[in-house]
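So the chains spell out like this:
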Amino acid sequence: DCTKCIGCRACQNTCKRTHGLERAGDDPRYDMPTELSAHSLTLIQLYKESDQKWSFVKKQCLHCSIPSCVSVCPVSAFKKRDDGVVAYDESKCIGCRYCCVACPFNAPTFEYDKAAPEIKKCDFCKDLRLAKGLQPWCAEVCPKGAIKFGHRGDLLAEAHKRINDNPDLYEPHVYGEIEIGGTSVLYLAPKGITFEQLGYKMYGEVPPFKIQEDIQHGIF
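Residues numbered from 1 in each chain as written. Predicted model: local features only at pLDDT ≥ 70, side-chain atom pairs only at ≥ 80, totals over all residues. Heavy atoms only, no water.

### Let's talk about the overall build of the protein
- Looking only at helices and strands, the protein features six helices and six strands.
- Starting at the N terminus and ending at the C terminus, the protein contains elements arranged as α-β-β-α-β-β-α-β-β-α-α-α.
- The globule rule puts the C-alpha radius of gyration for 220 residues at 17 Å, and the 18 Å found for the protein is close to it.
- Oriented by its inertia axes, the alpha-carbon framework of the protein measures out at about 50 × 45 × 35 Å. (Helix = DSSP H or I, 4+ residues; strand = E, 2+ residues; numbered from the N terminus. Rg over C-alpha atoms; globule rule 2.2 N^0.38 Å.)

### Here's the deal with helix α1 (residues 10-18)
- Burial in α1 covers these residues: C11, Q12, N13, T14, C15 and K16.
- Elements that come into contact with the buried residues of α1 comprise β1 (43-48), β2 (54-59) and α4 (137-141).
- Count one or two residues on from α1 and you reach G20, which has phi positive near 65°. (Buried < 20%, exposed > 50% of the residue type's maximum accessible area, 1.4 Å probe, protein only. Contact = heavy atoms within 4.5 Å.)

### Regarding the environment of G20
- Its location among the elements puts G20 in the loop between α1 and β1.
- In the structure, G20 is positioned 164 residues away from S184 in sequence and 24 Å away in space, judged by C-alpha atoms.

### A few points about the pattern of salt bridges
- One pass over the full model with this rule turns up 11 salt bridges.
- A salt bridge links R129 to E140; the nearest nitrogen and oxygen atoms lie 3.2 Å apart. Of the two residues, R129 is situated in the loop between β6 (119-120) and α4 and E140 in helix α4; the sequence distance between them amounts to 11 residues.
- Classification of E140 as partly exposed rests on a relative accessible area of 42%.
- Sharing partners across several salt bridges, the network here consists of D1, K148, E158 and R162. (Salt bridge = Lys/Arg side-chain N within 4 Å of Asp/Glu carboxyl O.)

Structure (structure tokens):
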């Protein structure tokens, strides 16, 4: 919920620390990445048009319902799990980076600085937290409740309730409800600020790769 985010970056810094992504010399007080990378699986960005029109927004893998990374990976290193997580198996990866090209949100990133590189992206803390019955770290540490974790249906109901209860506060749309077939990460934007201004394109309901996939799977 972008209306609640204060830009403290607790989610960003905790994600780095718990996933072992901090590098020598990193100081969380001054670490401000501008894009997702192998060292930043989630980040907070600021959109500002004026002193009256601004908002923070969280960037990460949206764990699509019909993931393009799963579709294009030639070795099935990506898998969409029943709990919503788009999981990555580094033991299968051949480093082709098709996933990086195919993702409409530029979420998968590559470890260019390693001799044996892997793809990195948000994993919903599936091993660190979900496997233990806990919510992801970003939702746990957010001091303002901007991040809420739960079942997708419950979150959609909550998002629409917030919009209906506060129509002057929110844009009347839940991003990720229908975009590219739906996503497991959903967004609410402040009134008067579009999702495109926050860096999320307004895709249609059909995933960009679906036509090509239908043709290829039909032929081969």
